[in-house]
Amino acid sequence: VRERADEERKEKKAKAKERKDNFKLLCEEAALGPKSSWSEFSREWGKDERFKAIEKSRDREAEFNDFVGALKKKERDEKDEKRKAAKKGFKELLKETEGLDRHAHWSDFKKQLSEEARFQAVEKSADREDWFLDWVQELKDEHRREKDKKKAERSRSRSDSRGRKKKRSRSR
């Protein structure tokens, strides 16, 4: 009896999995997008046997939502990758641009860069400006670090030379 019950459970699981897989195939055939709605899908495909195979309506809707959720995540990931690539290209463009220093203004360089493909690859003009300002800030920070480094070296060399003078005067 136990063996038969185990077999029946396994069969039941296999059938449920098959129904879910068929429902996913139905969703793919329906060419659903990330903005598809359950009501439209159920109205259009409600008579399909693969739709009816899952008995509970909430289970059908849950499968649908999982499918559409995966599409949304995929779309979001692709969009993020595209934005990262555009940002990288834009930063490379800024590195290659002559005359761009820590005193640069967006309004001056916007016209100069606007014909570049890497400039146009960035969808939002606000992103272009923000990234430009970030780049200029990086240049300012780099300049400040170099300036502080030189200042520290000068003060060290001064203190070293003072120490030598004191040693000489003591020995005399």
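The structure we're discussing is the one just above.
Residues numbered from 1 in each chain as written. Predicted model: local features only at pLDDT ≥ 70, side-chain atom pairs only at ≥ 80, totals over all residues. Heavy atoms only, no water.

Colleague: Can you walk me through the nonpolar core in this structure?
Modeller: Across soluble globular proteins, nonpolar side chains have a tendency to be buried as a group. Core analysis: the largest hydrophobic core is formed by 15 residues, its most contacted members being Phe90, Leu94, Leu100 and Phe132. Elements with a minimum of two residues in this core: helix H4 (57-96), helix H5 (106-113) and helix H7 (125-171). Each residue touching Phe90, except ones within four places of it in the same chain, is listed here: Trp106, Arg118, Phe119, Val122, Arg128, Trp131 and Phe132. The next biggest cluster of nonpolar side chains, apart from the first, holds 12 residues, and it includes Ala30, Phe41, Phe64 and Phe67. (Core = buried A, V, L, I, M, F, W, Y, C linked by side-chain atoms within 4.5 Å. Buried < 20%, exposed > 50% of the residue type's maximum accessible area, 1.4 Å probe, protein only. Helix = DSSP H or I, 4+ residues; strand = E, 2+ residues; numbered from the N terminus. Contact = heavy atoms within 4.5 Å.)

Colleague: Can you help me understand the packing of helix H1 (residues 2-29) against H4 in this one?
Modeller: How two helices pack is summed up by the angle between their axes together with the distance between the axes. Where H1 contacts H4, the axes come no closer than 10 Å and their chain directions differ by 55°. Judged by the inter-axis angle, H1 sits oblique to H4. Here H1 runs over H4; the crossing is right-handed. Judged by residue contacts, Lys20, Phe23, Lys24, Cys27 and Glu28 of H1 engage Arg60, Glu63, Phe64 and Phe67 from H4. (Axes fitted to C-alpha atoms, helices over the stretch in contact; angles between N-to-C directions. Parallel < 35°, antiparallel > 145°, perpendicular 65-115°, else oblique. Left-handed = near helix turned anticlockwise from the far one by under 90°.)

Colleague: Got a minute to help me understand the pattern of salt bridges in this structure?
Modeller: Side chains that carry opposite charge are capable of pairing whenever their charged atoms lie near each other. Summed over the entire model, instances satisfying the criterion amount to 15 salt bridges. Residue Arg4 pairs with Glu11 through a salt bridge whose shortest N-O separation is 4.0 Å. What makes Arg4 partly exposed here is its relative accessible area of 43%. Since its relative accessible area comes to 41%, Glu11 is described here as partly exposed. Note that Lys91 and Glu138 form a salt bridge whose closest N and O atoms lie 3.0 Å from each other. With Lys91 in helix H4 and Glu138 in helix H7, this residue pair connects regions lying 47 residues apart in the sequence. (Salt bridge = Lys/Arg side-chain N within 4 Å of Asp/Glu carboxyl O.)

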